[in-house]
Amino acid sequence: MAENKYKGFSTRAIHAGEQTDTRAGSTGDVVVPIHLSTTFIWDEPGRAHSEFEYIRSSNPTRNAYEQKLAALEDANYAVAFSSGLAAENALMQVLLRPGDHVVAFDDLYGGTRRLLEEVFQGIDVSYVDLSDSSEFDKAVKENTKLLWIESPTNPMIKVGDIAALARSAHEKGMLVVVDNTFLSPYFQRPLALGADVVVHSSTKYIGGHSDVLGGALVTSDEVLHEKIRAIQNNAGAVLSPFDSYLNIRGLKTLAVRMERHQQNALRIAQFLAGHQKVAKVLYPGLPDNPYHEVVKRQASGFGGMLSFELHGTLEDAKSFISRLRLFTLAESLGGVESLIELPSLMTHVGVDPEVRRSIGISDTLLRVSVGLEDADDLIEDLKYTLDN
Ligand code: P1T
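None of the values given here were measured: they were computed from a predicted structure.

Enquirer: Teacher, can you tell me more about empty space enclosed by the protein here?
Expert: Any space left empty among the atoms is revealed by the rolling of a water-sized probe across them. Scanning all chains against the criterion turns up one cavity of 30 Å³ or more. Residues that form the lining of the largest cavity fall into these classes: six nonpolar, two polar and no charged.

Written out as structure tokens, the structure is:
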């Protein structure tokens, strides 16, 4: 069970899951140690010495991380996997059987689409613009088992009304999954809005420093949790002790990082929105963004991810990117350094070009993960590169 005894997010981020070891003979670690032992001693056959037997099944560092993450999502359970896609794969194995139908946001991380289409081939998926809740109702079939929401979406930064969608899905007997990677539990807690399971790519804001790959599934449903726990052990895509430690470390500063990511993102969005070479800016923190109000209702912030479209051609976009100095051209997001990428040739290159166009991923759409540098420096870099 998660430790939810502290109300404040940062207090939980720092203290939940941390069991300061004051037993006789202990070293008294203040920080959870990295337990590397793959196996644990037994007192006699049939009687393990402690709750731990084998690293894949359970590990003290991973347990501590899972407890901390569960506490931050206001959940009873979190289960940590070796990547975001490993977590998604495990969840789909638990929830879906051949012949089932899934309704998913049309704008999803490209890897999630690939997983649904190439690995779960017997599953029928309808991709729908869930920013319009009425579109969801139209897509539901007799065999629809699951609603898969990513909000905000990657890379169009679209937002679904999670509570309204979850209500409607539950009326139809479906389960609701929300990929909460972009806002992190600091800004958004989908279980409180009605989701059954939260997915994370902890590679992003949770790790926070672009140096650890991981994923997690979070739920308060005991039966679902037991199934997820079983597949974590039986299929084995667990998070390593070292990576668990890095995620614990990342979570402790999540609140302060998210605040600064957001401040910088807002400044940059405002700057870009006023520049003549920019055709549009997609950032819900801007008051005229179509999702501004729904994000205000269901989250406590707008996050650090934004996309924008340049006037001109693919070559113009490539030239712009190549001349930036502070923004690194790279996939992924959520680290301290600002990253920029061109979804049509990078994260979403595997999505059928027709589909890409229908979603709005144009050749000059750029996605930015706004880092923690000084906003003035970031803006100066953008301004110089746009103006020259
Ligand atoms: O990379 P991995 O930890 O396996 O997580 C996959 C994933 C899941 N969900 C969302 C919303 C994601 O953004 C990702 C990974 N995304 C990138 C690598 C990217 O550049 O968008």
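Having seen the structure, we can now continue with the description.
Enquirer: What is the right way to read the side chain of His275 from this model?
Expert: As for its placement among the helices and strands, His275 is situated in the loop between helix H10 (254-273) and strand E10 (278-282). Classification of His275 by relative accessible area gives buried; the value is 11%. Among the polar contacts made by the side chain of His275, one reaches the main-chain amide nitrogen of Lys277 at a distance of 3.1 Å. Those residues within four positions of His275 in sequence are excluded, and the remaining contacts are Leu386 and Asp387.

Enquirer: What is the right way to look at the packing of aromatic side chains in this model?
Expert: Throughout the structure, instances matching the rule amount to four aromatic pairs. Within the aromatic cluster, the residues linked to one another by ring pairs are Phe9, Tyr186 and Phe187. Between the NZ or CZ atom of Arg113 and the centre of the ring of Tyr127, over which it lies, the distance is 3.8 Å.

Enquirer: Looking at this model, I keep getting lost on the nonpolar core. Mind explaining?
Expert: A general trend in soluble globular proteins is that nonpolar side chains are found buried together. Leu147, Trp148, Leu272, Leu306, Phe308 and Phe320 are the most contacted members of the largest nonpolar core, which totals 111 residues. Per-element accounting of this core gives the leading share, eight residues, to H10. Residue contacts for Trp148: discarding those within four places in its chain leaves Glu88, Leu91, Met92, Val102, Val103, Ala104, Phe105, Leu108, Thr112, Leu130, Val177 and Val199.

Enquirer: Is there a simple way to think about the side chain of Ser201 in this case?
Expert: Within the secondary structure layout, Ser201 lies in strand E8 (residues 197-201). A polar contact of 2.8 Å, which involves the side chain of Ser201, links it to the side chain of Lys204. Apart from the residues lying within four places of it in its own chain, the contact partners of Ser201 are Gly84, Thr181, Gly214 and Gly215.

Enquirer: Would you mind going over the site of the ligand with me for this structure?
Expert: Looking at the ligand, there are 19 residues lining it, with Asp179, Thr203, Lys204, Ser332 and Arg367 nearest. With respect to the ligand, the backbone of Gly84 contributes an N or O atom lying 2.9 Å from an oxygen atom. Taken by itself the ligand offers 480 Å² of open surface, and the protein chains cover 94% of this. For the ligand, the cavity whose grid points lie within 2 Å of the majority of its atoms is the second largest pocket. A total of three residues in the shell around the ligand trace back to one element, the largest contributor, which is helix H3 (residues 84-95). A class-by-class count of the residues in the shell around the ligand yields four nonpolar, nine polar and six charged.

Enquirer: Hey, could you run me through the sheet that holds strand E13 (residues 339-341) in this one?
Expert: One key point about sheets: their strands pair by backbone hydrogen bonds, in either a parallel or an antiparallel sense. The five strands are arranged E10-E11-E14-E13-E12 in an open sheet whose pairing can be described as mixed. Both edges of this open sheet fall to E10 and strand E12 (328-329), since each of them pairs with a single strand only. Of the pairings in the sheet, the one linking E13 to strand E14 (residues 365-369) comprises three bridges and is antiparallel in character. Each bridged residue has a counterpart across the sheet, and for Glu341 the counterpart in E14 is Arg367.

Enquirer: When you look at the layout of surface pockets in this model, what are you seeing that I'm missing?
Expert: Its boundaries defined by the atoms lining it, the largest pocket holds a volume of some 610 Å³. As for the largest pocket, its lining consists of 22 residues, and the residues nearest its centre are Gln19, Arg23, His35, Phe52 and Pro60. Classifying every residue of the lining of the largest pocket by side-chain character gives nine nonpolar, eight polar and five charged. Considering only enclosed or pocket space, the second largest pocket measures out at about 330 Å³ in volume. Along the walls of the second largest pocket sit 22 residues, with Gly84, Leu85, Tyr109, Ser201 and Lys204 positioned nearest its centre. Of all elements in the fold, only H3 and E8 reach the threshold of two or more residues within the lining of the second largest pocket. Split by residue class, the lining of the second largest pocket holds six nonpolar, 10 polar and six charged.

Rules of the game
- Residues numbered from 1 in each chain as written.
- Predicted model: local features only at pLDDT ≥ 70, side-chain atom pairs only at ≥ 80, totals over all residues.
- Heavy atoms only, no water.
- 1 Å grid on protein atoms, 1.4 Å probe; cavity = no way out; pocket = protein on both sides within 12 Å on 5 of 7 lines; lining within 4 Å.
- Points joined across faces, edges and corners; volume = space filled by probe spheres on them.
- Nonpolar A, V, L, I, M, F, W, Y, C, P; charged D, E, K, R; others polar.
- Helix = DSSP H or I, 4+ residues; strand = E, 2+ residues; numbered from the N terminus.
- Buried < 20%, exposed > 50% of the residue type's maximum accessible area, 1.4 Å probe, protein only.
- Polar contact = N/O pair within 3.5 Å; in protein donor to acceptor, adjacent residues only side chain to side chain.
- Contact = heavy atoms within 4.5 Å.
- Phe/Tyr/Trp six-rings, centres within 6.5 Å; stacked < 30°, edge-to-face > 60°.
- Lys NZ or Arg CZ within 6 Å of the ring centre and 35° of its normal.
- Core = buried A, V, L, I, M, F, W, Y, C linked by side-chain atoms within 4.5 Å.
- Near = heavy atom within 4 Å.
- Areas by Shrake-Rupley, 256 points an atom, 1.4 Å probe, with all protein chains shown as cover.
- Sits in = over half its atoms within 2 Å of the grid points.
- Pairing = 2+ DSSP bridges.

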